[in-house]
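Read off the chains here:
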Amino acid sequence: MRKTFSFWVDLSTSGRSMGCVLACVCLCLTAAAKPNSPPAAKDSLPPSVSVALKQANIPREAISILVRPVQATPDAPLPMARLSHRASAEMNPASVMKLITTSAALSMLGPDFTWRNRVFIDGPVKDSVLQGNLYLKGSGDPKLVVERLQALIEAIQQKGVREIRGDIILDGSVFDLPARNPASFDDEPLRPYNVAPQGLLLNFNALLFKFTPNPARGEVQIDSEPPLRNLQWSTTVPLSQAPCQDWRTQLKADFSNPDFVRFNGTYPVACGEQKWPVAYVQPQSFAPRMVHALWQQAGGKLVGQVRDGITPARASLWLEAPSLPLSDIVADINKFSNNVMAQQLFLSLSSQQRPGQFESSRAMVLQWWRQNLKDHALPVLENGSGLSREERSNAQALGALLQSGLHSSYASALQNSLAIAGVDGTVARLKDRLPQSVAIGRAQLKSGSLRDVASLAGYVEGLSGQRYVLVVIVNHPNANAARPALDKLLEWVVKDDKKS
């Protein structure tokens, strides 16, 4: 799980029937007579991977791997694994868990599904003046960012409401969630990946600070978006000649005051232009302050205040604005590993008929799993994003999920949501680590990382033209040093035209 912002660029052994076992035995006995048969499963790790793990001080008992050729058709026998190492071991896959949430959502809701963001009023409108309250009713939309909220406000005003004699009321009741301390996961409450889901989530509840050096003036210009009512910040700090290392620490930022963000340090001119996303220190006031600022910025007048509340049954629909399609949302979730978007989607599964809850969504996903992947161990779900110490699955089950996805009605949306190795998303840095890697551009992957966890899962194209499903998970205190081993494994999968 990459700890950046996506919108700014971030249990058991799997069951098999006796028929499947006999089929595997027959396949092994006839493999030599069939030149096109996949190679038998290997239990030993590729030498390059073993060396990299040893260098990282990670024992082979801490890694789980499955590499299997993809099925030609959904009814074809499952090909023998090219490599299977502890593939049925229960592991914490970190953000690779997002593959379960996004696959289930694409299957149950469909790639073209949209959230409905609706605006209601409870009074008459005359001469562009609303004599009453305006209600913004949230739908759980995972990506109602500043540009889209601006467009929604513009649409409200164009339809005929420019002055509100009552309040603007924000209704997030589509989700039923307990209060959550943003510091509860890892004591990092200002990290955007720790933002909690909301029924009306605006701009991920976060600010983006932009730093633009002005050498002629000897200072860096600091801008912030989105606008929040009555929020101020240090607009400049002096430039320094320090190297561009840990520039955020050098800024000596103080985010503790919800009304004033201070930068008390310096900024290295060598860093050039940079961006810094920060979760707002007072989450409950973010949406009201943002809506108020954008309403005024658009020339609207408001006699009352912006506050949280519930839309009454007597209110009438003023307008409706659909979200981006689910296929686009899933692309952001998987390519950039956006945790709060994944949780919004997870909760949306149970919010279609009643207020969304984690418990209800877990039950829905597990039921979907039983129907579609019944021969494989149920995952352990918490919030569906992988930002969890409790969530579990295994490489065998996740591999089956990927196999199933290739032959589904949502195959294109799922594949397009995965990051391309060395090109984009959370796996773009492969090109920085290994500029000449044979794997660049040949794998569509979801990555994951937590303290003690490193993982990769997706589809890999070998040099032979054969396509593979790959799942690799490391659970160990040295997991943050496992990336070279994962890179070596990826290259080994690609180099299938050579003897391993």
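The shown structure was predicted, so the numbers you read here are calculated from the model rather than taken from an experiment.

What counts and what doesn't
- Residues numbered from 1 in each chain as written.
- Predicted model: local features only at pLDDT ≥ 70, side-chain atom pairs only at ≥ 80, totals over all residues.
- Heavy atoms only, no water.
- Helix = DSSP H or I, 4+ residues; strand = E, 2+ residues; numbered from the N terminus.
- Rg over C-alpha atoms; globule rule 2.2 N^0.38 Å.
- Areas by Shrake-Rupley, 256 points an atom, 1.4 Å probe, with all protein chains shown as cover.
- Lys, Arg positive; Asp, Glu negative; His and termini not counted.
- Charge placed at Lys NZ, Arg CZ, Asp CG, Glu CD.
- Pairing = 2+ DSSP bridges.
- Axes fitted to C-alpha atoms, helices over the stretch in contact; angles between N-to-C directions.
- Parallel < 35°, antiparallel > 145°, perpendicular 65-115°, else oblique.
- Left-handed = near helix turned anticlockwise from the far one by under 90°.
- Contact = heavy atoms within 4.5 Å.
- Nonpolar A, V, L, I, M, F, W, Y, C, P; charged D, E, K, R; others polar.
- 1 Å grid on protein atoms, 1.4 Å probe; cavity = no way out; pocket = protein on both sides within 12 Å on 5 of 7 lines; lining within 4 Å.
- Points joined across faces, edges and corners; volume = space filled by probe spheres on them.
- Salt bridge = Lys/Arg side-chain N within 4 Å of Asp/Glu carboxyl O.
- Disulfide = S-S within 2.5 Å.
- Buried < 20%, exposed > 50% of the residue type's maximum accessible area, 1.4 Å probe, protein only.
- Phe/Tyr/Trp six-rings, centres within 6.5 Å; stacked < 30°, edge-to-face > 60°.
- Lys NZ or Arg CZ within 6 Å of the ring centre and 35° of its normal.
- Core = buried A, V, L, I, M, F, W, Y, C linked by side-chain atoms within 4.5 Å.

Draft legend 1. Structural detail: the overall build of the protein. For the protein, the helix and strand inventory stands at 13 helices and 23 strands. Against the 2.2 N^0.38 benchmark of 23 Å for 500 residues, the protein shows a C-alpha radius of gyration of 25 Å, consistent with a compact globule. In terms of its C-alpha atoms, the protein occupies a principal-axis envelope of roughly 85 × 60 × 35 Å. For the protein, the accessible surface area stands at approximately 21,600 Å², while carbon and sulfur atoms represent 49% of it. Here the protein carries 52 positive and 42 negative side-chain charges, and the mean point of each set is 4 Å from the other.

Draft legend 2. Quick peek at the sheet that holds strand β4 (residues 125–126). An order of β4-β5-β7-β17 is seen for the four strands of this open sheet, with the pairing classed as mixed. Strand pairing shows two members of the sheet lacking a second neighbour, β4 and β17 (301–302), which therefore form its edges. Direction of pairing for β4 relative to strand β5 (residues 129–130): antiparallel, over a ladder of two bridges. Within β5, the position partnered with Lys126 by the bridge is Val129.

Draft legend 3. View of the packing of helix α3 (residues 98–109) against helix α8 (residues 339–350). Where α3 contacts α8, the axes come no closer than 10 Å and their chain directions differ by 40°. Judged by the angle between their axes, α3 and α8 are oblique. Our pair here, α3 against α8, has a crossing hand that is left-handed. Every residue of α8 that contacts α3 at Lys98, Thr101, Thr102, Ala105, Met108 and Leu109 is listed here: Asn339, Ala342, Leu345, Phe346 and Leu349. Here the contact of α3 with α8 is built from residues that sort into seven nonpolar, three polar and one charged.

Draft legend 4. Examining empty space enclosed by the protein more closely. Approximately 70 Å³ is the volume attributed to the largest cavity. Forming the boundary of the largest cavity are Leu134, Leu136, Leu149, Leu152, Ile153, Ile156, Ile168, Val291 and Trp295. Among the secondary structure elements, those contributing two or more residues to the lining of the largest cavity are β6 (134–137), α4 (146–159) and α6 (283–297). Here the lining of the largest cavity gets four residues from one element, more than from any other, and that element is α4.

Draft legend 5. Structural context of the pattern of salt bridges. As enumerated under the stated definition, the model contains 16 salt bridges in all. Asp487 serves as the salt-bridge partner of Arg433, at 2.8 Å between the closest nitrogen and oxygen. Of this pair, Arg433 sits in helix α12 (residues 430–433) while Asp487 sits in helix α13 (residues 483–494), placing them 54 residues apart in sequence.

Draft legend 6. Structural detail: the state of the cysteines. The final tally for this structure, using the stated rule, is one disulfide. Covalently, Cys244 is tied to Cys271 through a disulfide, its sulfur atoms 2.0 Å apart. Sign of the S-S torsion, about 110° for the bond between Cys244 and Cys271, identifies this disulfide as right-handed. Of this pair, Cys244 sits in the loop between β12 (236–240) and α5 (247–250) while Cys271 sits in the loop between β15 (267–268) and β16 (274–279); the two residues are 27 residues apart in sequence, bridging distant segments of the chain. By relative accessible area, Cys244 is classed as partly exposed at 32%.

Draft legend 7. Inspection of the packing of aromatic side chains at higher detail. All chains considered together, the criterion is met by 13 aromatic pairs. Note on Trp247 and Tyr267: the rings are 5.9 Å apart at their centroids and 70° apart in plane angle, and the pair reads as edge-to-face. Of the two residues, Trp247 sits in helix α5 while Tyr267 sits in strand β15, which places them 20 residues apart along the sequence. Here the two residues Trp247 and Tyr267 agree in accessibility, since each one is buried. Centre to centre, the rings of Phe255 and Phe263 are 6.0 Å apart; their planes meet at 90°, and the pair counts as edge-to-face. Aromatic rings pair up to connect Phe209, Phe211, Trp247, Phe255, Phe263, Tyr267 and Trp276 into one cluster. Across from the ring centre of Trp318, 4.8 Å away, lies the NZ or CZ of Lys159, which sits over that ring. Residue placement shows Arg467 over the ring face of Tyr459; its charged tip is 4.9 Å from the ring centre.

Draft legend 8. Highlighting the sheet that holds strand β20 (residues 419–420). The antiparallel open sheet is built from six strands, whose spatial order is β2-β1-β23-β22-β21-β20. The open sheet has two edge strands, β2 (83–85) and β20, and neither has a second partner. Across two bridges, the pairing between β20 and strand β21 (residues 443–450) is antiparallel. Across the sheet, the residue bridging to Ile420 is Gln444, located in β21. Against the sheet, helix α10 (residues 395–406) engages β1 (63–69), β22 (453–461) and β23 (467–475), with an angle of about 150° to β23.

Draft legend 9. Just the environment of Val330, in detail. The topology assignment puts Val330 in helix α7 (residues 326–336). Placed 160 residues apart in sequence, Val330 and Leu170 show a C-alpha to C-alpha distance of 26 Å. Dropping the residues within four chain positions of it, Val330 is found in contact with Thr102, Leu106, Leu345 and Ser417.

Draft legend 10. Representation of the nonpolar core in the model. Core analysis: the largest hydrophobic core is formed by 56 residues, its most contacted members being Leu99, Ile100, Leu326, Leu401 and Val471. For this core, the secondary structure elements donating two or more residues are α3, α7, α8, α9 (358–372), α10, α11 (411–416), β22 and β23. In this structure, Val471 is in contact with Ser64, Ile65, Leu66, Ala395, Leu398, Gly399, Leu402, Leu456 and Ala457, ignoring residues within four places of it in sequence. One finds Val119, Ile156, Leu170 and Trp318 within the second-largest nonpolar core, a separate group that totals 46 residues.

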